[in-house]
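Spelled out, the chains give:
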Amino acid sequence: MPPVREALADAADRLRAVTDTPEFEAALLARHAWGWSRARLVLDAREPADTASLEPLIRRRLSAEPIAYILGRWEFFSIDLAVEAPLLVPRPETEHLVEAAIRHLGQRPARVLDLCTGTGCVAIAIARNAPVSGIVATDIHPVALRVAASNAAEYGIPLDVRPGDLFAALADGAAPFDVIVSNPPYVAETAWDTLAPDIRNFEDRGALLSGPDGLDCIRRIVRDAPLWLSPGGMLALEMGEEQGAVARALFTERGFRDVSIRQDLAGHDRVITGVWGAGA
Ligand code: GLN
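These notes cover the structure that comes with them.

Details of helix α4 (residues 51-62)
At step 1: With 12 residues, α4 extends 16 Å from end C-alpha to end C-alpha; this agrees with the ideal 16 Å at 1.5 Å per step.
At step 2: Among the residues of α4, L54, L57, I58 and R61 are the ones counted as buried. On an axial view of α4, the arc spanned by its buried residues comes to 105°, and they lie on one face. Structural note: α4 exposes A52 and R59 on the side pointing more than 90 degrees away from its buried face.
At step 3: Where α4 is buried, its residues meet α1 (4-15), α2 (22-34), α5 (67-71) and α9 (197-200).
At step 4: Trailing α4 by a residue or two, A64 shows a phi angle of about 80°, which is positive.

What follows is the structure, encoded as structure tokens:
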């Protein structure tokens, strides 16, 4: 058996074919395979490595399976969450959606709705960082409903998880929301072939694609959200980098005010927000 240090270097060399961060991922896979802490990986670098348990994980990753699925956990907004195929792996750009919601909420307890919640990452991150008096999350995927509920329970968040298609998941007469957020599917059907294999071959197609221009779901949310927003409530949506102009027009034509677009760290239009009605 090669020493740990050598096994890690070898794993990183092979992982270079599928990732820009091969050393980081090699260490994550080894720690997962062996149940080791980060410190032990350094301290025991000269010990013989159990390559037999590491090898199957490396092979999975080499098939382009997302590392979050292999580990079963992934960090979002500094929160460690369970992740399971085929749910969308929480992405760093979605943290801007959480930031927009938190900023709008400020200090007074508010009701929040998260549509297409997936792992529950957005709802949980908001509930952990803003005073929330009620938080509802919807999804149509049964795995999402289960994983979102268990992630919320792990952090003691009373997330009301509801099965259904967007607003159809809500009970008639449910109280209005101060913030509605969503990272809906927004990839154009024609762009399917351009997605990276770890997305295309593993993540739920229904969580990604949304009609010919990718805007079907966003259009429906913008149309119906005012029926569920309190006066001065905010709608915040993640969107594709080429959708900023069209999304702005949709928000404005629907009657939202203070429409604003934030860029992600790559400088791409990523999150659009708009406020409904007079304001408190
Ligand atoms: N940003 C994701 C991607 O490029 C898409 C996420 C989504 O459709 N909500 O794959």
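Remarks on the environment of S210
At step 1: Inspection of the secondary structure puts S210 in the loop between α9 and α10 (216-224).
At step 2: Separated by 162 residues in sequence, S210 and P48 place their C-alpha atoms 49 Å apart.
At step 3: For S210, the residues in contact, after removing those within four places along its chain, are P185, Y186, V187, L215, D216 and C217.

Describing the environment of L87
At step 1: Relative to the assigned elements, L87 resides in the loop between β2 (79-82) and α6 (95-105).
At step 2: In this structure, the C-alpha to C-alpha distance between L87 and G106, residues 19 residues apart in sequence, is 30 Å.
At step 3: L87 has contacts with Y69, G118, T119, V143, A144, V147 and E203, leaving out every residue within four places of it along the chain.

Observations concerning the state of the cysteines
By definition, a disulfide links the sulfur atoms of two cysteine residues through a covalent bond.
At step 1: Within this structure, the stated rule accounts for 0 disulfides.
At step 2: Here C116 stays unpaired: no disulfide links it, and the sulfur of C217, its closest cysteine neighbor, is 4.6 Å away.
At step 3: Here C121 stays free of any disulfide, with the sulfur of C116 as its closest cysteine sulfur at 12 Å.
At step 4: With relative accessibility at 8%, the residue C121 sits in the buried group.

Quick notes on the rules
- Residues numbered from 1 in each chain as written.
- Predicted model: local features only at pLDDT ≥ 70, side-chain atom pairs only at ≥ 80, totals over all residues.
- Heavy atoms only, no water.
- Helix = DSSP H or I, 4+ residues; strand = E, 2+ residues; numbered from the N terminus.
- Expected span 1.5 Å × (residues − 1).
- Buried < 20%, exposed > 50% of the residue type's maximum accessible area, 1.4 Å probe, protein only.
- Arc of directions from axis to C-beta.
- Contact = heavy atoms within 4.5 Å.
- Disulfide = S-S within 2.5 Å.

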